[in-house]
Structure formats: structure tokens, C-alpha cells
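# Descriptive analysis of the structure
What follows is each chain in one-letter form.
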Amino acid sequence: AFEKIAFIGLGNMGGGMAANQAKAGREVRAFDLSDAALARAEAAGCRRATSIADAVSEADAVITMLPAGPHVLSVYAEQVLGHAPKSALLLDCSTIDVETARTVAGLASEQGYVFADAPVSGGTAAADAGTLAFMVGCDEAAFPGVEQALEPMSRITIRAGDHGAGQAAKICNNMLLGVSMIGVCEAVALAERLGLDPERFFEIASKSSGQCWSVTSYYPWPGPVPAAPSNRGYAGGFATAMMLKDLKLAQDAAAKAGATTPMGAQAEALYALFDRLGHGGKDFSAMIQMLRGRLDE
Ligand code: NAD
């Protein structure tokens, strides 16, 4: 059973995830470098730890939700391994590079710990609602425990394969999403130029072979999908800067593996340009504004 959870990294995602662990009746010892994040976690029913070592000292499971690979490596190497009980299950839910995930898994297993990479799909709304999708890289034998530890935060948990496979699945999924969103944005912008009503194009594309998540759940033109960020000036949602981070991870991984990913490379270049023009904070579907030549809107 997972009664005591150590939660490290209480940001936009981790804050809601830790709160859902507490809501499930687990004792959550939370730590973050930010005092404001700690205060929010405390208000959500978590206990404030004084350090990472303090947070993990009696944990049944340690969950980390940190910005990037270097944070994950240093937190585990310096403050989790050797400080958490050997029986603690170690789960990193951050989106990081495959290599670092495998390095941390190796360091953990050398010291007798079980580690899993368990990045998420779903964004902050799903983090708050406890409806994230987790893609997991771990030994097959460890998976039932991983699933149980993640349960209060999840809608679905899928084992992608061994160590690093969760991160591989995450970056492949997001590369596909980046490419498909740009494709949808181009098509809608072209429809507009051709005098076709973008709302009518939605009706057609969502029932034709152009159908995909970027059309049906996240249409970049306001109207057809009320929950999509296009209806609120592209605020909130999945920031362009975050999409760019994931596309970079995909290109780095592709270069190292010798994979050919020309569309992923093009998506990275377009999101890098959009970010460079000062739109990194906008939802990634705002790419349509650049393709329409309407960056001022
Ligand atoms: P965030 O920047 O809001 O939160 C990260 C938190 O980690 C911050 O509160 C920061 O203070 C804390 N932190 C950094 N170094 C630390 C350390 N050494 N010790 C303790 N705390 C430390 O980021 P986020 O949006 O919550 O994203 C976290 C991860 O989840 C990222 O890898 C991101 O790519 C991934 N992700 C984000 C989303 C999203 O929609 N925001 C969706 C899926 C995956």
C-alpha cells in the first residue's frame, strides 16, 4: 500500500497532482524550492517538508514533477537515492530526455531501488482533475505497483516498455501532436483564403480523412470546439514554449538514434520561430496566427 507519498516539484502540474494524492487519503510530504508552491500544497492538504531528504525519509513512493532532465538527475543523485527507504518506489513524471531517464534508473537500481519514468499527457486541467494519462517505462514486475501509486492522479496508465520507454512514448506523441497541429493550422488558414468558412470546414474535416485530435478536440479557430484555447485568445492550454521543449527532445533523440524525422524538424523550426517572435506563452494552436500572417491579433 502507498500510505506515505513524497512529492517533489509542486508547480503547475505537480501542485494539482500532489493535491489529488492527499485527497485520496495518503499522507503527502511535499517539497519545492518555491515558498508559494509549498504554501499552495499545504492548503491542499499536504505536509510541508523542510528538504527533499526530509520529504522522502519515510516514503512508500517518491514522485517528482520537475522542469527538465538536469533537475531530475541532480534531485535523484544527490537528494533522493540514499535518503529514501530502499523499499520506496521512485516515480519521475517530468518530461525529460530518454538518456537521463535511463541514467537515473541505472543509478537507482545500483542502490537497490525500483524506478520508473512515468511522464504524463493531459495538461494542468487533467492534473487538477486527477485524469492524466501516464506512459510508463519500468520492469514488467514493477508495473502493478506503479499503477497503484499513480491511481489518484490518473485516468489511464499504460506501460510503454522498459526504462526510458515512457519518455520515448511521450516525445513521439508530442512530436506527432506538433506536426498535426501545424497541418491543421495550415489547412484552416488555406480554407479561409479560399473563402471557405473555417467553421464549416470543421464540420467536414472532423468527419473526413483529415480528422485528428487537433481538429476534433483542439480546433485552432474559435467556435466549433468550445473548450479549445482558440476561444479565449489562445491563453492557457499547452504553451508554445513547452511544445518547443518537447520537439527539441524529439529532435535530439532522433539525431542520437539516427532516425529520419523531417516533419518533426520542420515543426521544431516553426515553433522556435513563433517563440522567437515573442509568443512562447500562447497556446501552441496560436500557430495559426503566424500562418495567417496575423500575429497582431
Ligand atoms: P513548473 O515549472 O510549473 O513546475 C516545476 C516545479 O519544480 C517548480 O515549482 C519549481 O520550483 C520546482 N523545482 C525545480 N527544481 C527543483 C528542485 N531542485 N527541488 C524542488 N523543486 C524544484 O512546470 P510544470 O508545468 O509543472 O511541468 C513539470 C513537468 O511536466 C515538465 O517536465 C513539463 O514538461 C511536464 N508537463 C507539463 C505539462 C503542462 O501542461 N504544464 C503537461 C505535460 C507534461
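Definitions and limits used
Residues numbered from 1 in each chain as written. Predicted model: local features only at pLDDT ≥ 70, side-chain atom pairs only at ≥ 80, totals over all residues. Helix = DSSP H or I, 4+ residues; strand = E, 2+ residues; numbered from the N terminus. Contact = placed C-beta atoms within 7 Å. Buried ≥ 20, exposed ≤ 12 C-beta atoms within 10 Å, placed from the backbone. Pairing = 2+ DSSP bridges. Right-handed = clockwise from strand over helix to strand, strands pointing away. UniProt positions renumbered as here; feature names shortened; annotations may be inferred. pLDDT = per-residue confidence, 0-100. Core = buried A, V, L, I, M, F, W, Y, C linked by C-beta atoms within 7 Å. Domains from an automatic or database assignment. Nonpolar A, V, L, I, M, F, W, Y, C, P; charged D, E, K, R; others polar. Axes fitted to C-alpha atoms, helices over the stretch in contact; angles between N-to-C directions. Parallel < 35°, antiparallel > 145°, perpendicular 65-115°, else oblique. Expected span 1.5 Å × (residues − 1).

A word on the environment of Gln-289. As for its position among the elements, Gln-289 is in helix α13 (residues 287-291). Between the C-alpha atom of Gln-289 and that of Met-242, which follows or precedes it by 47 residues, the distance is 18 Å. Once residues within four sequence positions are removed from consideration, Gln-289 is found in contact with Arg-294, Leu-295 and Glu-297.

The side chains of a regular strand alternate, first on one face of the sheet and then on the other. The buried fraction of strand β8 (residues 132-137) is high, at five of six residues. Examined bridge by bridge, strand β7 (residues 120-121) and β8 share two bridges and lie antiparallel to one another. Considered in β8, the bridge of Val-120 is made with Phe-134. In this fold, β8 hands off to helix α7 (residues 143-150), which returns the chain to strand β9 (residues 154-161); that crossover is right-handed.

Let us look at the UniProt feature "domain: 3-hydroxyisobutyrate dehydrogenase-like NAD-binding" (unreviewed entry) in the protein. Under the UniProt annotation, the feature "domain: 3-hydroxyisobutyrate dehydrogenase-like NAD-binding" (unreviewed entry) is placed at residues 164-291. As annotated, residues 164-291 has a helix share of 64% and a strand share of 0%, and its two end C-alpha atoms lie 35 Å apart.

So, about the confidence of the model for the protein. Taken residue by residue, the protein gives an average pLDDT of 97. The fraction at 70 or more is 100%. For this predicted complex, the interface score ipTM comes out at 0.99, while the overall pTM is 0.94.

Another aspect to go through is unusual backbone geometry. Although it is not a glycine, Tyr-234 adopts a positive phi angle of roughly 65°. Among the structural elements, Tyr-234 can be located in the loop between α10 (213-216) and α11 (240-257).

Before going further, it helps to spend a moment on the nonpolar core. In this structure, Phe-7, Ala-18, Ala-30, Ala-61, Val-62, Leu-90 and Leu-91 are the most contacted members of the largest nonpolar core, which totals 98 residues. Residue contributions to this core peak at 13 residues, all from helix α8 (residues 165-193). Residues lining this core come from more than one domain, with at least three contributed by each of domain 1 (4-162) and domain 2 (168-291). If sequence neighbours within four positions are ignored, Ala-30 has contacts with Phe-7, Leu-10, Ala-18, Leu-38, Ala-41, Cys-46, Arg-47, Arg-48, Ala-49 and Ala-55.

A word on the UniProt feature "domain: 6-phosphogluconate dehydrogenase NADP-binding" (unreviewed entry) in the protein. Using the residue numbers shown here, the UniProt feature "domain: 6-phosphogluconate dehydrogenase NADP-binding" (unreviewed entry) corresponds to residues 4-156. Between the end C-alpha atoms of residues 4-156 the distance is 22 Å, and the span holds 42% helix and 23% strand.

Moving on, we come to the domain arrangement of the protein. Once the domains are mapped, the protein shows domain 1 (4-162) and domain 2 (168-291). Centre-to-centre, using C-alpha coordinates, domain 1 lies 29 Å away from domain 2. Taken together, the eight residues of domain 1 in the interface contact nine residues of domain 2. Residue composition of the side of domain 1 that touches domain 2, grouped by class: four nonpolar, three polar and one charged.

Here we come to the packing of helix α4 (residues 69-80) against helix α5 (residues 98-110). Viewed as axis vectors pointing N to C, α4 and α5 meet at an angle of 5°, and their least axial separation amounts to 10 Å. Judged by the angle between their axes, α4 and α5 are roughly parallel. Contacts between α4 and α5 pair Gly-69, Val-72, Leu-73, Tyr-76 and Ala-77 from the former with Thr-100, Thr-103, Val-104, Leu-107 and Ala-108 from the latter. Across the contact of α4 with α5, the residue classes tally to seven nonpolar, three polar and no charged.

It is worth spelling out the pairing of strand β2 (residues 27-31) at this point. A large share of β2 lies buried, amounting to four of its five residues. Taken together, strand β1 (residues 4-8), helix α1 (residues 14-23) and β2 form a β-α-β motif whose crossover is right-handed. Strand direction decides the pairing type here: β2 and strand β3 (residues 47-48), joined by two bridges, are parallel. In the strand pairing of β3, Arg-29 is matched with Arg-47. Tracing the backbone out of β2, into helix α2 (residues 35-43) and back to the parallel element β3 gives a crossover that is right-handed.

Our next topic: α8. For α8, which comprises 29 residues, the first-to-last C-alpha distance of 42 Å matches the rise-based estimate of 42 Å (1.5 Å per residue) to within 8%. Positive phi appears at Gly-195, one or two residues downstream of α8, with a value of about 80°.

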